[in-house]
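Structure at a glance
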Amino acid sequence: VPRIQEISFGEIPVEFRQRTPHGRLAEVVEEAGRRKIIFAWAMMMREIPTLIIHLTIAEEILHYWMGEEFARQGALIMVLTALAMLVDSMTNLPSMLADGMGHPRVTGLFSVFRAAVGLIATFVFATLYGIVGVAAGHLLVSVVMATSFLVYVHRGTIPYRLWELLRECYLTTFAALGVSFA
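Residues numbered from 1 in each chain as written. Predicted model: local features only at pLDDT ≥ 70, side-chain atom pairs only at ≥ 80, totals over all residues. Heavy atoms only, no water.

1. Quick look at helix α3 (residues 68-89)
With 22 residues, α3 extends 31 Å between its outermost C-alpha atoms, agreeing within 8% with the 32 Å of an ideal straight helix rising 1.5 Å per residue. In the structure, α3 departs most strongly from a straight axis at glycine 74, where the bend amounts to approximately 45 degrees. (Helix = DSSP H or I, 4+ residues; strand = E, 2+ residues; numbered from the N terminus. Expected span 1.5 Å × (residues − 1). Bend = angle between axes of the 7 residues up to and from the residue.)

Here is the structure:
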């Protein structure tokens, strides 16, 4: 298998699978005479099991761990935080691609800016709405910053369309998640 640097990325179809043929995060393979980059998307969506647990039994977990009153007050916070973690995890694969293609400054600047916006949102939402506001603010910042990053990085930093990532990687994951709650 040739090294990735020797392959024109415009000629390589991108596929996202649960596992690569050799269990690596990403690798170049030959299939039907065409070179493809295969990504292990399951590694990018490792927050799904945690999210399912938090969405379905957050109150029960907190009830047995910390007591009934804490569970009533903390279940929503736990769910909002789990959703924010899921949204943040959607930037993992594009971040690694951007870094690997020689653009670590892009991911680094977005990380620093995300941290700054997160700190400001934490202060504002805590002052106005308390601890539930902090969790809601965390989710809001995650959605805004992850969306901004994905749009920016797919417009020119990496040679893959955002729609390909959403369709091939995340749509299948969210479809499976939807079926599990149906």
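Let's pick the thread back up.
2. Topic: the pattern of salt bridges
Tallied over the entire structure, the rule returns one salt bridge. For arginine 114, the salt bridge identified is with aspartate 88, shortest N-O distance 3.4 Å. Highlighted residues: arginine 114 in helix α5 (residues 104-157) and aspartate 88 in helix α3, separated in sequence by 26 residues. Take arginine 114: its relative accessible area is 19%, and that puts it in the buried class. (Salt bridge = Lys/Arg side-chain N within 4 Å of Asp/Glu carboxyl O. Buried < 20%, exposed > 50% of the residue type's maximum accessible area, 1.4 Å probe, protein only.)

3. As for the packing of aromatic side chains
Here the structure, examined in full by the defined rule, presents three aromatic pairs. Measuring from ring centre to ring centre gives 5.1 Å for phenylalanine 110 and phenylalanine 149, while their planes differ by 75 degrees; the resulting arrangement is edge-to-face. Judged by relative accessible area, phenylalanine 110 falls into the partly exposed class, the value being 22%. Connected via pairs of aromatic rings, a cluster forms that spans Phe110, Phe149 and Tyr152. (Phe/Tyr/Trp six-rings, centres within 6.5 Å; stacked < 30°, edge-to-face > 60°.)

4. A look at the packing of α3 against α5
One can describe the packing of α3 onto α5 by two numbers: an axis separation of 10 Å at closest approach and a directional angle of 15 degrees. Taken as axis vectors, α3 and α5 run roughly parallel relative to one another. In terms of crossing hand, the pair formed by α3 and α5 is left-handed. When α3 is examined against α5, the residues Leu76, Ile77, Leu80, Thr81, Leu83, Ala84, Val87 and Asp88 are found in contact with a partner set consisting of Arg114, Ile131, Val132, Ala135, Ala136, His138, Leu139, Ser142, Val143 and Ala146. Looking at the contact of α3 with α5 residue by residue, the class counts come to 13 nonpolar, three polar and two charged. (Axes fitted to C-alpha atoms, helices over the stretch in contact; angles between N-to-C directions. Parallel < 35°, antiparallel > 145°, perpendicular 65-115°, else oblique. Left-handed = near helix turned anticlockwise from the far one by under 90°. Contact = heavy atoms within 4.5 Å. Nonpolar A, V, L, I, M, F, W, Y, C, P; charged D, E, K, R; others polar.)

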